[in-house]
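# Examining the three-dimensional arrangement
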Amino acid sequence: MNTPYRRFFRLCSFIFGTCLLCSSPFLAAQEVEQDEDVITMSPFRVDESGEGYVATNSISGTRLQTSIKELPMPIEVVTEQFLIDTGAEDIREGLAFSSGVVMDEDFNASLNAGGSANGRRSFDFSPSGSGSGVSETQFKIRGFNTNVQLRQGYNTPGILDSADISRAEVVRGPAALLYGHSILGGVVNVIPKYPLNVERYRVGFSVGSNNNYRTTFDATGPLMKLGVDTLNYRITGAWQTWDNWIDDDEQTKFFIAPKLEFRPWNGGRVYIDTSYFEGTRKGNGPEDVVSSVRNQYNERTSIARDIGKMPESFRWSGDDQRIDTTDMVGLFEFQQDVGDWLTFVASYQYQKRDEDRLLIRDVGIRANDGSTPESVRRPRLDGGNGYEAIRFRWEDTPQEIEWNSYRLEAVARWDRIELPFLGYTDHSLVLGHQSTEQEIFRTDGNRSPFQWHARDDYTPFQIDQAGWTPTFFRDFRDERPQDGTYAVYQGKFWEDKIQLVGGVRYDEYIVRTRQYLYQADGLPRAEPRGSLPTDSSGDQRQWNTGPWAVEQGLPGARGSDAPVREGYRFGGEWQTETSPTLGVTWNINDSLSVYGLSAAGLVPNPGQRNGFGENFEAEQTQSLEAGIKFDLVKNSDGHRILSGTASVFSIERENAIWFYSFASSPRNNKGVQRSDDPERGGFDPRLPRSFAVDSRVWEVLGNAGYVPDRPPTHPGQLTDPNFSTGGHPTSNDGQSWMVVNYETLGSVDPIERAAIEAMLNGFTATDGTFIQTDFLGGPGSNRANWTGNSRGSDVSFNDESTGVDAQLVFSPKPNWQITFNYAYVKREVTEGFALVDFVDPLSGINYGTEYDLWITRFGGPSNFTDPTRASTGNGDILIGQSLDDSPEHSGSMWSNYTIQEGPLKDLSIRFGAIYTGERQSSVEIGDGSLRLNTYPTPFFSDNLDIRGGLGYRIRGEKYNWNFNFNVYNMFDEVGDEVIIEFQDPNAGTLERRSRTRYAPRSFRFSASVDW
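Residues numbered from 1 in each chain as written. Predicted model: local features only at pLDDT ≥ 70, side-chain atom pairs only at ≥ 80, totals over all residues. Heavy atoms only, no water.

## Some details on the overall build of the chain
When helices and strands are tallied, the chain shows nine helices and 52 strands. Out of the 1011 residues belonging to the chain, those deemed buried represent 56%. Sequence separation of at least 24 residues holds for 71% of the intrachain contacts in the chain that already meet a minimum separation of 6. When the accessible surface of the chain is split by element, carbon and sulfur atoms take 53% of a total near 42,400 Å². (Helix = DSSP H or I, 4+ residues; strand = E, 2+ residues; numbered from the N terminus. Buried < 20%, exposed > 50% of the residue type's maximum accessible area, 1.4 Å probe, protein only. Contact = heavy atoms within 4.5 Å. Areas by Shrake-Rupley, 256 points an atom, 1.4 Å probe, with all protein chains shown as cover.)

Set out below in structure tokens:
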């Protein structure tokens, strides 16, 4: 793949560019000899300027320490003091008051047209999507998921404990210019606590509800004289154990972060940052089991809560399920100043995460299963004959993830340069190159035999070790390298009235996915799992064996197997993207400025393909934004009264991905191309295409008893009026279907076409419109020409997020600070699903018809330029829909007042509120089938979380004590239920509901001493 050569070339290009800066005569004339005794702060490191909850500068917007007021972008800083006062223990709690930053525990979970209360799933398969789990670093900012946040500008999916956070900078809006991938609507950059050259120590302890016990420590200072400075150290850490309010959910963690920093010579700086995390979470498995039987609200019946009336805290999975995680991070950074105008920085970060996961899988209700033990059999909930029981099994799936990243940067600064018409100007230019390699290694196949549980037995599921030794037969290895080269310019003009920020980033990426199969005599061999497997000749371990190994251009290659070469996606070609950013700030006066910004976001496609087997383009965003910033100061003492930012924005996203169950997917055809697999059925163009039409349609058309004048496509089909039903042609529930041949449709009797069009245009029965694309025929098989294996694929769409947000810090007195945050975010589809034509990948023949299911789901043939080609659809049925369940409105406030006189001096009184607006629980057109949701569930109700607390400080000559008491959900608002009614002309009154739940009231008490 020539990867090393490409990287060497990019590195040489970067070095050559920086050398040009060094050799410039104009730049050399600006060099000033630096005093050896003067210690200057790195331009890439933010200082601690500000007071209380206000910070005046940032490095996250341009990688340079810059005044927030001058940056043409909204940056909110969550200070260390704010983290302490609110009792935050990690980054998620620290951002609870940041409106528009959504940390829902189940992203997009409620987008299901059936409105089910449990077992909901998202069909958002975008690269930025949250997937099936929620990580600590996963947020939504301005409506878009951000799975990976930043620590010192490096991507980090690891643990971000408040014990090592000096501040968190929330960058709202796309930020691909500096940070590349995974940033569509914003990002959080965490600034750790750096070593100091003065001794400081702090030890803390806290206790709280749900068995929450926590200790922290922080020590810093000089160790010895080294080079031209002292070797400074800092070590922070935390140990914590706590339970969730939901049963059996127990967590423990240990975190430690040692750091060193020194100056080996004048102008040079070495910084070493390491951290280690070890954590265990037990009992985070399924809380309930749902049945296919629907309750009165059309929800899948919840066994424990609907039937057993168990409390909201009930969790069925017990504490045998667990995830053990270790994280190791090492960062080495070297900085060299050349005079006072040029700085070079080179850094390398290594991170490794190990996860050992024992999880419950495949949980569900099984009816009339002969392997069900007699002791757990119960009567069926649907009233049918026989019995049912809960079935599940265990899965042991270890996973290793490694990140290797480096960054090279050079910054040149020219201050007080006089230019015609512009006056004295300041300029800076950052040239940077960043490379990241992510490697994911996981195993598959470590599943136990099925276990059984009685439906009315509410004891927790337990693992049955008897007879089960975890085994594996397949490994997966994903490699995802990405390189980005960027340039960022900052300039000040007209006596600092105008600040300009502009830049561009060029990214390259590729994905390699491989599989190891363990084989013995050509068959998968299961082996005991003691540790992650290693190569050995006895294992006969092979890369990419099986049908997925077929590569593009080789004999027998098809759309479903291409384009992959030696495991590389995109046919082995590196993908490239360019992300520009341009912003300008106008300082109206010292207290007020306005800005405008256009910025890009990027999430690379990991190799996902559409129904024809073509790779999707990268997921990208482009924003337009305008805002104001203000900083009102009392002239007498310099005290800030009001600081903040208000913004209005629009972010357009391209190439988002949804899995649509009825999308045409010719790459999955299993007919002629897979004739070696006759049992799978599938589409076969050699067989006649037929449509099954509900016989009741003939009655509607006044042709009761009509039988199509066609030869039968299956023996006995036309003589058996109950042959098939709306499900698919192999079932039989007493309804009558007639089959017509598409090739001769309407040529003999036009009533056949009229019958299909009547169904297409809205003929409904109890379960909706029955129109089939199940192709019937072929001796010996009822599904010989069934397209069930030719439907369903990822499809792309575009959407847009628009809104306003504001962050304010109001301080009427030096001892009183109040924060206000508000966000309005609305996300809507702007371009519907991009379907592909049902074209055979080998012959190029189009086999689509105007009556295919993907046609009727999109509103019928009138929504397609050519109804036989799915790609000609206008997608109007989706435009204006929101496929997101985040609240449109959110807001927060926090007040901290400290008494300065009297017997209660140094007592702080705190009060806060977090408002979450109502949010949709379903959409008009939703789920993987794009079903019309005629009777949607009501919106989830809004919520107001009231918090409060007290703080007290004792100042001594050497020791300072701090005490904090925080109360969360003060009024114990644990949830809400909303029920609405619909009137159906056939079924009468129908009820739908939505339910929300929140953690009950809790408290924490903490004490710390520093000296």
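## Here we look at the environment of alanine 806
Its location among the elements puts alanine 806 in strand S42 (residues 791–813). Residue classification places alanine 806 among the buried positions, given a relative accessible area of 19%. Considered as a pair, alanine 806 and valine 648 are 158 residues apart in the sequence and their alpha carbons are 9.0 Å apart. When sequence neighbours within four positions are dropped, the list of residues in contact with alanine 806 reads Thr645, Ala646, Phe820, Asn821 and Tyr822.

## Things to note about the pairing of strand S52 (residues 1002–1010)
In the sheet, strand S13 (residues 200–208) pairs with S52 via seven bridges, with the strands oriented antiparallel. Note on S52: the bridge partner recorded for glycine 204 is serine 1008. Pairing of strand S49 (residues 960–968) with S52 involves nine bridges; the strand directions are antiparallel. Note that in S52 the partner of tyrosine 968 across the bridge is serine 1002. (Pairing = 2+ DSSP bridges.)

## Remarks on the packing of aromatic side chains
When we look at a pair of aromatic rings, we describe it by the centre distance and by the angle of the planes. Evaluation of the coordinates by the stated rule reveals 25 aromatic pairs. Taking 4.4 Å as the distance between ring centres and 10° as the angle between the ring planes, the aromatic pair formed by phenylalanine 392 and phenylalanine 461 counts as stacked. With phenylalanine 392 in strand S23 (residues 387–419) and phenylalanine 461 in the loop between strand S25 (451–453) and strand S26 (471–472), the pair connects residues that are 69 residues apart, well separated along the chain. Classification of phenylalanine 392 as buried rests on a relative accessible area of 2%. Given the relative accessible area of 1%, phenylalanine 461 is considered buried. When the ring of tryptophan 961 is compared with that of phenylalanine 963, the centres are 6.1 Å apart and the planes differ by 10°; the resulting orientation is stacked. Taking relative accessible area as the criterion, tryptophan 961 reaches 37% and is therefore assigned partly exposed. For phenylalanine 963, a relative accessible area of 26% gives the class partly exposed. Through a chain of ring-to-ring contacts, three or more aromatic side chains come together here, namely Phe314, Trp316, Phe392, Trp394, Tyr458 and Phe461. Positioned over the ring face of phenylalanine 649 is arginine 142, at 4.0 Å from the centre of the ring. Taking the ring centre of tyrosine 387 as reference, the NZ or CZ of arginine 377 above it sits at 4.0 Å. (Phe/Tyr/Trp six-rings, centres within 6.5 Å; stacked < 30°, edge-to-face > 60°. Lys NZ or Arg CZ within 6 Å of the ring centre and 35° of its normal.)

## Thoughts on unusual backbone geometry
Peptide bonds are trans in most cases, and residues, glycine excluded, mostly fall at negative phi. Phi is positive for arginine 142, close to 55°, though the residue is something other than glycine. Relative to the assigned elements, arginine 142 resides in the loop between strand S7 (139–141) and strand S8 (144–146). We note that lysine 309 has phi near 55°; this positive angle belongs to a residue other than glycine. The topology assignment puts lysine 309 in the loop between helix H6 (303–307) and strand S20 (322–338).

## So, the side chain of aspartate 327
If you trace the backbone, aspartate 327 turns up in strand S20. Side chain to side chain, aspartate 327 and arginine 353 meet in a polar contact 2.7 Å long. (Polar contact = N/O pair within 3.5 Å; in protein donor to acceptor, adjacent residues only side chain to side chain.)

## Observations regarding the sheet that holds strand S9 (residues 149–151)
With mixed pairing, five strands are arranged side by side in an open sheet as S5-S11-S12-S9-S10. Because the sheet does not close on itself, it has two edges, and the strands there are strand S5 (75–79) and strand S10 (154–156). Pairs of neighbouring strands in the sheet enclose a mean axial angle of 30°, with direction left out of account. (Axes fitted to C-alpha atoms, helices over the stretch in contact; angles between N-to-C directions.)

## Let's talk about the pattern of salt bridges
Within the structure shown, the criterion is met by 60 salt bridges. With a shortest N-O distance of 3.1 Å, arginine 322 and aspartate 324 are connected by a salt bridge. What makes aspartate 324 partly exposed here is its relative accessible area of 26%. For lysine 826, the salt bridge goes to glutamate 888, with nearest N and O atoms at 3.0 Å. Here lysine 826, found in strand S43 (residues 816–834), pairs with glutamate 888, found in the loop between helix H9 (853–857) and strand S44 (889–898); they are 62 residues apart in sequence, far enough to count as distant. (Salt bridge = Lys/Arg side-chain N within 4 Å of Asp/Glu carboxyl O.)

## Some thoughts on a negative patch on the surface
Among the surface-exposed residues, Glu918, Asp942, Glu973 and Asp976 lie close enough to one another that they form a single negatively charged patch. By the secondary structure assignment, aspartate 942 is in the loop between strand S47 (931–932) and strand S48 (943–955). (Patch = residues over 30% accessible without salt bridge, like charges linked within 9 Å, V, L, I, M, F, W, Y side chains within 5 Å. Lys, Arg positive; Asp, Glu negative; His and termini not counted. Charge placed at Lys NZ, Arg CZ, Asp CG, Glu CD.)

## Quick notes on the pairing of strand S24 (residues 423–444)
With 19 bridges joining them, S23 and S24 adopt antiparallel strand pairing. Counterpart to tryptophan 403 in the pairing with S24 is glutamine 438. Between S23 and S24, which pair antiparallel one after the other, the connecting turn spans three residues, and phenylalanine 421 there sits at a positive phi close to 70°.

## Here we look at the sheet that holds strand S6 (residues 101–102)
Strand order in the open sheet formed by three strands is S6-S7-S8, with antiparallel pairing between adjacent strands. The open sheet has two edge strands, S6 and S8, and neither has a second partner. Note: S7 against S8, three bridges, orientation antiparallel. Within S8, the residue paired with lysine 140 across the bridge is asparagine 145.

## Digging into the environment of leucine 358
Tracing the chain through its elements places leucine 358 in strand S21 (residues 342–367). Judged by relative accessible area, which is 16%, leucine 358 ranks as buried. The spacing of leucine 358 and glycine 285 is 73 residues in sequence and 9.8 Å in space, taken between C-alpha atoms.

## Regarding the confidence of the model for the chain
When pLDDT is averaged along the chain, the result is 78; 74% of the residues meet or exceed 70. Across residues 106–120 the pLDDT falls below 50, and counting only partners more than four positions away or on other chains, this stretch makes 56 contacts in the model. Note that pLDDT drops below 50 for residues 710–735; the model gives that stretch 56 contacts with residues more than four away or on any other chain. (pLDDT = per-residue confidence, 0-100.)

## Let's talk about the side chain of serine 811
The residue serine 811 is located in strand S42 in this model. Owing to a relative accessible area of 4%, serine 811 belongs among the buried residues under this scheme. Among the polar contacts made by the side chain of serine 811, one reaches the main-chain carbonyl oxygen of tryptophan 816 at a distance of 2.9 Å. When sequence neighbours within four positions are dropped, the list of residues in contact with serine 811 reads His639, Arg640, Ile641, Trp816 and Gln817.

## Section: a nonpolar patch on the surface
Taken together, the side chains of Val203, Tyr952, Ile954, Tyr959, Trp961 and Trp1011 make up a nonpolar region of the molecular surface, amounting to roughly 550 Å² of accessible area. Its location among the elements puts tryptophan 961 in strand S49.

## Looking at the environment of methionine 310
Tracing the chain through its elements places methionine 310 in the loop between H6 and S20. In this structure methionine 310 comes out as partly exposed when scored by relative accessible area, which is 25%. Beyond its immediate sequence surroundings of up to four residues, methionine 310 is in contact with Ala304, Arg305 and Tyr458.

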